[in-house]
Amino acid sequence: MSHDEERRLQRAQLPEGLRPETLAVRTALAPSQHGENSEALFLTSTFVQPNAEESARRFAASEDFTYSRTSNPTVRSLEARLAAMEGTEAAIATSTGMSAILLVCMGLLKAGDHVVCSRSVFGSTINLFAKEFGKFGVETSFVSQTDLQEWRDAIRPNTRLFFAETPTNPLTEVCDIRALADMAHAAGAMLVVDNTYATPALQQPAKMGADLVMHSATKFMDGQGRVMAGALCGSNALIKDVFGPVMRTLGMVLAPFNAWVILKGLETLNLRMRAQSESALAVAKWLEARPEVARVYCPSLPSHPQHELAMRQQSGQGGAVLSFELRADSPEAARAAAFHIIDSTRVLSIATNLGDTKSIITHPATTSHGRLSEAQRQAAGISQGLIRLSVGLEHVDDITDDLLRGLSTLKSL
Ligand SMILES: *Cc1c(COP(=O)(O)O)cnc(C)c1O
């Protein structure tokens, strides 16, 4: 092997003990023979084999590269980096966050199985378990995000899976990952944690006992609102032996281009999460002091009900998503006030996404939670006066100035 070749292969064999920030920048497959510094984008659906014998071996072993539904070098670099960041043996990338949850269900559940899931998880997650998998005879009990006794009471002999998301959208409720993992394991079940909001930059659920960590990489991992992507991180026994074969059959693989975008996003994830989290806390404190605001939901505020747990579990950071509730006499007045604040902004984006460098303002009651009945919304704590803010990288004062345009011109309070 030439010196050049040796050096090239070495780039994929990093020394032991590197810190998370380094792993997020450096973990990838070895570069190609050209020695590119930025990971290459392999836009190819298939791979030419050297001969029939070797082709047969690769197909039988499901290793090396044969066809991009099975694996692709750009996607594999992303998977290696994600696993390194979450501290798991392996990861598998998927086309969206929802397809990552679909993969969990297809890989681990069968008719007659039972799931316990927090009632505060992402809306489509609830539909996937309750509606789509309900059709196939999988039953799901929805329980409180924060009351461990409700989780314990929901366990049945056929419970296979606990599914949790923390912190949640939009009320930023935090659940105790370690306690849920212990409870699931004692019941012979697995714990899956949707880590979309905190990301591995702040929280590594596998280190707290979660069996699988799920991501919508569409959000903070991309970080600039460009592509859809998802992932599952866990042991080799789960990722390679259970989910790999299911994925090859189902085919909701991540496109190489999207994998490449996320791979580059991960290089700045640690910096972005810390900066956006700190800005979110500054905005939250500013909102808490405003007379028009009844309540602010942000895990890094001492007034948050699970503040201490959140700080312990999330590296001392609250995350970049917060929400706040306006004071109002009636739901109609609350909605009018919320719409006025949203419509008065000139910098923030009115959209239903989060995790972008551009701050995004959302009215959950008429968007993400718009299809619930008023009673369901109230049970979920989503009032008409609630506004969600995903804090980006603009100057904090420009974000608060933009909110002030509406807050300072509210008519009836
Ligand atoms: C967006 C989101 C999902 C779904 O991810 P997609 O990439 O949109 O499919 C799942 N969970 C959480 C917490 C999310 O925010």
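Keep in mind it's a predicted model, so treat the numbers as computed, not measured. (Residues numbered from 1 in each chain as written. Predicted model: local features only at pLDDT ≥ 70, side-chain atom pairs only at ≥ 80, totals over all residues. Heavy atoms only, no water.)

A few words on the site of the ligand. Near the ligand, the surroundings consist of 13 residues, among which Gly 97, Asp 194, Ser 216, Thr 218 and Lys 219 are the closest. Taking Gly 97, its main chain carries an N or O atom lying 2.9 Å from an oxygen atom of the ligand. Between the ligand and Lys 219, the relevant distance is 2.7 Å, taken from an oxygen atom to a side-chain nitrogen or oxygen of the residue. Taking 380 Å² as the accessible area of the ligand by itself, protein coverage stands at 94%. Here the residues of the shell around the ligand sort into five nonpolar, five polar and three charged. (Near = heavy atom within 4 Å. Polar contact = N/O pair within 3.5 Å; in protein donor to acceptor, adjacent residues only side chain to side chain. Areas by Shrake-Rupley, 256 points an atom, 1.4 Å probe, with all protein chains shown as cover. Nonpolar A, V, L, I, M, F, W, Y, C, P; charged D, E, K, R; others polar.)

When cut into domains, the protein chain gives domain 1 (3-266) and domain 2 (269-412). Centre-to-centre, using C-alpha coordinates, domain 1 lies 28 Å away from domain 2. Contacts between the two partners involve 33 residues from domain 1 and, on the opposite side, 36 residues from domain 2. Approximately 2,800 Å² of surface area, both sides summed, lies buried where domain 1 meets domain 2, with 59% of it carried by carbon and sulfur atoms. By the criterion of area lost to domain 2, the three top residues of domain 1 are Leu 171, Leu 202 and Phe 220, representing 27% of everything that side buries. Here domain 1 and domain 2 share zero salt bridges between them. (Domains from an automatic or database assignment. Contact = heavy atoms within 4.5 Å. Buried area = accessible area lost by both parts, 1.4 Å probe. Salt bridge = Lys/Arg side-chain N within 4 Å of Asp/Glu carboxyl O.)

Moving on: unusual backbone geometry. The amide bond that connects Thr 166 to the next residue, Pro 167, takes the cis arrangement and shows omega of -5°. The topology assignment puts Pro 167 in the loop between strand S4 (159-165) and helix H8 (177-186). Omega for the peptide link from Asn 169 to Pro 170 comes to -5°, which places this bond in the cis form. Notably, Thr 199 is not glycine yet its phi reads approximately 60°, a positive angle. (Helix = DSSP H or I, 4+ residues; strand = E, 2+ residues; numbered from the N terminus.)

Glancing now at the sheet that holds strand S8 (residues 293-297). Strands pair in a sheet through their backbones, by hydrogen bonds, and they do so in one of two ways: parallel or antiparallel. Taken in spatial order, the five strands of this open sheet run S8-S9-S12-S11-S10, and their pairing is mixed. The open sheet terminates on both sides in strands that have one partner only, identified here as S8 and strand S10 (349-350). Pairing geometry for S8 and strand S9 (residues 321-326), over four bridges, is antiparallel. In the sheet register, Val 296 faces S9, and the bridge partner there is Phe 324. Lying over the sheet, helix H12 (residues 269-288) contacts S8, S9 and strand S12 (386-390), oriented at roughly 10° with respect to S9. (Pairing = 2+ DSSP bridges. Axes fitted to C-alpha atoms, helices over the stretch in contact; angles between N-to-C directions.)

All right, on to the environment of His 304 then. By the element assignment, His 304 lies in the loop between S8 and helix H13 (307-313). Along the sequence, His 304 and Val 174 sit 130 residues apart, while their C-alpha atoms lie 9.6 Å from each other. Beyond its immediate stretch of four places on either side in the chain, His 304 contacts Leu 171, Thr 172, Glu 173, Val 174, Cys 298 and Pro 299. At 3.0 Å, the side chain of His 304 and the backbone nitrogen of Gln 306 are in polar contact.

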